[in-house]
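Coordinate inspection notes
Residue-level listing of the chains:
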Amino acid sequence: MEASSSTSHDPALFHAPLLHHPRRRSSRPLKGFAVIFGSVVFLLSLVILIVNQSPEPLASNPSSVTEAGSYSMAAQPRGIAEGVSAKSNPSLFDKVGFNWTNAMFYWQRTAYHFQPQKNWMNDPDGPLYHKGWYHLFYQYNPDSAIWGNITWGHAVSKDLIHWFYLPLAMVPDQWYDINGCWTGSATLLPDGRIVMLYTGSTNESVQVQNLAYPANLSDPLLLQWLKYPGNPVVVPPTGIEDNEFRDPTTAWLGPDGSWRITVGTRFNTTIGTALVFQTTNFSDYQLLDGVLHAVPGTGMWECVDFYPVAINGSVGLDTTALGPGIKHVLKASLDDTKVDHYAIGTYDMITDKWTPDNPEEDVGIGLKVDYGRYYASKTFFDQSKQRRILYGWVNETDTEADDLEKGWASIQTIPRSVLYDNKTGTHLLQWPVEEVESLRLNATVFKDVVVEAGSVVPLDIGTATQLDILAEFEIETLVSNSTEDEVSDCGDGAVDRNTYGPFGVLVIADDSLSELTPIYFRPLNISNGSLETYFCADETRSSKAPDVTKRVYGGKVPVLDDENYNMRVLVDHSVVESFGEGGRTVITSRVYPTEAIYGAARLFLFNNASGVNVKATLKIWEMNSAFIRPFPFEETLFQEMVAST
Amino acid sequence: MKILIVIIFAFLVCQANAFRPILLLGNQNLIERTCKQTPFYDLCIWSLKSNPESRDASVKKLAQIMVDSLKTKATETLDLIDELLQDGLALDPEMQKALTSCAERYNVIIRGDVPEINEALKTGDYKFAAKGANDAAIEANSCEIEFPTKSPLTDMNKVVHDVSVVAASIVKIIQTKFSF
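Numbers given to residues run from 1 along each chain, matching the order in which its sequence is written. Following the order in which they are written, the chains are lettered starting with A and the ligands numbered starting with 1. Totals for whole chains, interfaces and linings use every residue, but because this is a predicted model, local features are given only for residues with pLDDT of at least 70 and side-chain atom pairs only at 80 or more, for both listing and counting. As a convention, hydrogens and water are excluded, and side-chain values are obtained from all of the structure's heavy atoms.

Concerning the overall build of chain B
By definition, any uninterrupted DSSP run of H or I lasting at least four residues is a helix, any uninterrupted run of E lasting at least two residues is a strand, and each is numbered from the N terminus. From N to C terminus, chain B includes 6 helices and 0 strands. Ordered by position in the sequence, the α and β elements of chain B form the string α-α-α-α-α-α. Residue exposure (1.4 Å probe, protein chains only): buried if accessible area is under 20% of the type maximum, exposed if over 50%, otherwise partly exposed. Within chain B, buried positions represent 54% of all 180 residues. Only heavy atoms matter for contacts: two residues are in contact if any of them lie within 4.5 Å across the pair. For chain B, long-range pairs separated by at least 24 residues make up 68% of all intrachain contacts whose partners lie at least 6 apart in sequence. Roughly 8100 Å² of accessible area belongs to chain B as shown, and the carbon and sulfur atoms make up 60% of that amount. Areas reported as accessible are Shrake-Rupley estimates using a 1.4 Å probe. Residue values count occlusion only from the protein chains shown.

Next comes the structure, spelled out in structure tokens:
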């Protein structure tokens, strides 16, 4: 044995150090590690200290702030900053307050459109038909004419026109909806039960989906609603923002016998998305892989609606309907632009995916449900008349000060029946429900009225504030050839003349035409006499009041070769609903005239084209009021008493 | 070994202080980045930085601070209007009419717009926050133009208007920003 062998190979010597210096061997790697760690920390700190030395940016220029509470007039907007220009809201700099009178405000209230007696309303909720009554629930603020404290208002009607106000259906009284009972939808189950899914804003402002159901199904008025004790039933899934997850839809039955709903959200802030959840009992849900559909660049999808339409365009369909001869409509309210869009496509019930017929007109980038002041629309299946009915919210376009002063804000459109337009194959047709015709009083017919290029023709119909107008127009060309027009939608309104248009009617106009609202067709010559037509509503001269929003609204309307130009216009004080070509293109407008009110309101035909005469045939009805009022509980009681004696 | 650990520990404690300026620097960057996206950068910076709560604030909190500033400025303006109206004998009827109208508008800002913005920010339905902020700007501007000749409220109307516009811009930033 050689004593000079190295210690690392001699087992005897290996063990000895362990006995006498227990931590020596293991301390060596630890010490090395500590040195390395310490060096790294030291170097990092050096780097950070150096970076910290860079001078702090100056606070605001002290000379531009004179004293607390005032601000120098010399300070100018900083210029076109990222995405926000001082001119991006030009209207904010121009508006002047108007001295509204009570008479003007009172005139603005509609005669036959639904609106609560007072205060703020927005999205329609949970529409359904049950035991002879149509139900309208709606986002409602019981305390003010401005959005806030959102509850579910409630009204019922036997005919979608004559509504009765009922007590509030739901109020924010649970932790899971204490910050608002927001929008939701109803599902009618085959066994007769009704389930309501709605979004609640929780005590921590998280958007969750909750379940509610009628306390008493045999109550035709569905007055009382109960909330499921196990709420919420769906919370934002992982990866979905707490504040961008709302408005559950009516459920549809899948081929596997379980139900599906869709809820709108967004990915990466810009990709509008519809998620699909599956359930068998409406209290337990599973998020399905993938999404129903998503469209980049459209932002958050609110109030998603998803429903089938019959290709033959004859009847409405139950939400669960599937099979050949059926297409599906996907609709979303775009939070970023406050516009309702839809697209027609095909639903694959196996993969739970929907694809648009035309990807270039996908949801959010193509057709609009309504080209005017309209949002948060929602459909339901009316099983009594086999119709798909569409409710839509119409906000005010005046200032909140005006709303507070007059004590109310917002109306609902006349409910519309929705059908697939099998003549074009690309559009839906919306038409006011036929029950609105029960309001028609005397009719006046005008046949073949010639309106020459650049002229206005008054129509003598008496009071022009509550009207149902059906109008057809024929063009008589005056010029042999015309130049091509630049395609520019509705242009600058009715003053923007072309060879073939604009022509139409002037509603809520006064005799001197100091206030008027043109509703019109604008055919443009896009090539060799082939025309592309726009259907438009021009609010720019609807009122002398400078502080209301007055825009030109409208969109393209297909006019087929064998069709003439036809429109229907419902006029009801401060709202005008205009339907082009049987409802292919629809525009809702709000107008707040100061002079063309009460007996001073008139109706005109106009033709501002330069190269055509127009021949118009119209049928015009004066419309009765719908006398919307609180449900007459005492009357019913009295009648029952009388009947029982 | 013990000494080494003590040294390292002391070292780390010293470095922790070095890290703190970064947090401040980080949030100053957020305030600046946010204000750059508004049309009134200086006003935005001044309003936010003069509030200590902006130190570690998220963009949403910055919006809330701006709304508080709006409420404060609007209340100061309304107080001034009330004072001017109390000098009733000295006022000509047109001035009185304009001031009364302005008082209504500022009531709308304080009792209508500000609560709407706050509730919308809290509950995450941001379009109503934008609506309220935009409306406040309109009300302030409408007040200013009520006066046929010289307005006694020009400076204050401009502040309220500009603060509202800044608040609306910040709301827009929140809407387009991913948040958890």
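Considering the UniProt feature "domain: Glycosyl hydrolase family 32 N-terminal" (unreviewed entry) in chain A
UniProt positions are given in the numbering used here, feature names are shortened, and annotations may be inferred rather than shown by experiment. In the numbering used here, UniProt assigns the feature "domain: Glycosyl hydrolase family 32 N-terminal" (unreviewed entry) to residues 113-432 of chain A. A helix fraction of 2% and a strand fraction of 48% characterise residues 113-432 of chain A, whose end C-alpha atoms lie 12 Å from each other.

Topic: the state of the cysteines
In this description, the term disulfide denotes a pair of cysteine sulfurs within 2.5 Å. Enumeration over the complete set of coordinates arrives at 3 disulfides over all chains. In this model, Cys490(A) is linked to Cys536(A) through a disulfide, with the two sulfur atoms separated by 2.0 Å. Here the S-S torsion is close to -85°, and the disulfide linking Cys490(A) with Cys536(A) is therefore left-handed. With a gap of 46 residues between them, Cys490(A) in the loop between β27 (466-477) and β28 (503-509) and Cys536(A) in strand β30 (residues 530-538) connect regions that are remote in the sequence. The two residues Cys490(A) and Cys536(A) agree in class, both being buried. Two residues share a disulfide in this structure: Cys35(B) and Cys44(B), whose sulfurs sit 2.0 Å from each other. Taking the torsion about the sulfur-sulfur bond, which here is approximately -75°, the covalent link between Cys35(B) and Cys44(B) counts as left-handed. For Cys35(B), a relative accessible area of 0% puts it in the buried group. Look at Cys44(B) and you get buried, because its relative accessible area is 0%. Each bonded cysteine of chain B is numbered by sequence order, and under that numbering the disulfide pairs are 1-2, 3-4. Residue Cys181(A) stays outside any disulfide, its sulfur separated by 15 Å from that of Cys303(A), the closest cysteine.

Here we look at the sheet that holds strand β3 (residues 151-157) of chain A
All names here are of chain A. A pair of strands counts as paired when DSSP detects no fewer than two bridges linking them. Read from one edge of the open sheet, 6 strands run β21-β1-β2-β3-β4-β37, paired in mixed fashion. Lying at the two open borders of the sheet, with one neighbouring strand each, are β21 (408-409) and β37 (629-630). Looking at chain direction, strand β1 (residues 119-130) and strand β2 (residues 133-141) are connected through 7 bridges and run antiparallel. Looking across to β2, one finds that His 130 is bridged to Trp 133.

Digging into a nonpolar patch on the surface
What makes a patch is a set of residues exposed beyond 30% relative accessible area and free of salt bridges, joined within 9 Å when like-charged and within 5 Å when nonpolar (Val, Leu, Ile, Met, Phe, Trp, Tyr). Any carboxyl oxygen of Asp or Glu within 4 Å of a side-chain nitrogen of Lys or Arg constitutes a salt bridge here. Nonpolar side chains collect at one region of the surface, where Leu322(A), Met349(A) and Ile350(A) lie side by side and expose about 260 Å² of accessible area between them. Using a relative accessible area of 31% as the deciding quantity, one classes Met349(A) as partly exposed.

A few points about the nonpolar core
Of all hydrophobic cores here, the largest spans 63 residues; its most connected members are Leu48(B), Met66(B), Leu70(B), Tyr106(B), Ile109(B), Leu121(B) and Phe147(B). For this core, the elements supplying multiple residues, two or more each, are β19 (375-382) of chain A together with α1 (2-36), α2 (41-49), α3 (59-86), α4 (93-123), α5 (126-146) and α6 (154-175) of chain B. When residues of this core are assigned to their parent elements, the largest contribution, 12 residues, is made by α4(B). Ignoring any residue separated from it by four or fewer positions in sequence, one finds Phe147(B) in contact with Met95(B), Ala98(B), Leu99(B), Cys102(B), Pro152(B) and Leu153(B). As used here, the term nonpolar core means buried Ala, Val, Leu, Ile, Met, Phe, Trp, Tyr and Cys residues forming a set that is joined through side-chain atoms within 4.5 Å. Residues Tyr420(A), Phe473(A), Val548(A) and Met567(A) belong to the second largest nonpolar core, which totals 59 residues.

So, the sheet that holds strand β18 (residues 353-356) of chain A
Residue and element names in this part refer to chain A. Across the sheet, which stays open at both edges, the 4 strands sit in the order β15-β16-β17-β18 with antiparallel pairing between neighbours. Each end of this open sheet is capped by a strand with a single partner; those strands are β15 (301-310) and β18. Across the sheet, the mean angle separating the axes of adjacent strands is 40° when strand polarity is ignored. Where β15 meets strand β16 (residues 326-334), 8 bridges bridge the pair, whose relative direction is antiparallel. In the sheet register, Phe 306 faces β16, and the bridge partner there is Leu 330. Between N-to-C directions, angles cover 0 to 180 degrees, with each direction set by a line fitted to C-alpha atoms, over the stretch in contact for helices.

Quick word on the packing of α3(B) against α4(B)
Residue and element names in this part refer to chain B. At a minimum axis separation of 9 Å, α3 and α4 run at an interaxial angle of 160°. It follows that α3 is roughly antiparallel to α4 by the angle criterion. Considering only the axes of α3 and α4, their crossing is left-handed. Gly falls in the polar group here, along with every residue not listed as nonpolar (Ala, Val, Leu, Ile, Met, Phe, Trp, Tyr, Cys, Pro) or charged (Asp, Glu, Lys, Arg). Looking at side-chain class alone, the contact of α3 with α4 contains 17 nonpolar, 7 polar and 3 charged residues. Relative orientations are named as follows: roughly parallel for angles under 35 degrees, roughly antiparallel for angles over 145 degrees, roughly perpendicular for angles from 65 to 115 degrees, and oblique for any other angle. Crossing handedness follows the turn of the near helix against the far one: under a right angle anticlockwise gives a left-handed crossing, and clockwise gives a right-handed one.

Focus: the pairing of strand β35 (residues 602-607) of chain A
Regular strands place their side chains on alternate faces of the sheet. Residues and elements named next belong to chain A. Of all 6 residues in β35, 5 are buried, a share of seventy percent or more. Summarising the sheet, strand β26 (residues 455-459) and β35 pair through 5 bridges and their orientation is antiparallel. Within β35, the residue paired with Ser 455 across the bridge is Asn 607. Strand direction decides the pairing type here: β28 and β35, joined by 5 bridges, are antiparallel. Counted as the bridge partner of Phe 503 is Asn 607 from β35.

Some details on unusual backbone geometry
All names here are of chain A. Pro 232 follows Asn 231 through a cis peptide bond whose omega is 0°. In this structure, Pro 502 follows Gly 501 across a cis peptide bond, with omega equal to 5°. Mapped onto the secondary structure, Pro 502 falls in the loop between β27 and β28. Positioned with a positive phi, Lys 131 is a non-glycine residue whose angle comes to about 50°. Looking at the element boundaries, Lys 131 is found in the loop between β1 and β2. Residue Ala 376 is not a glycine yet carries a positive backbone phi of 60°. Positionally, Ala 376 belongs in strand β19.

Overview of the side chain of Thr594(A)
All names here are of chain A. Assignment of secondary structure puts Thr 594 in the loop between β34 (585-590) and β35. By the criterion applied in these results, polar contacts are pairs of N or O atoms within 3.5 Å in which, for protein atoms, one can donate a hydrogen and the other can accept it, and in which residues neighboring in sequence qualify only through two side-chain atoms. Side-chain polar atoms of Thr 594 contact the side chain of Glu 515, separated by 2.7 Å. Not counting chain neighbours up to four residues away, the residues in contact with Thr 594 comprise Phe 98, Trp 100, Met 104, Glu 515, Ser 543, Lys 544 and Ala 545.

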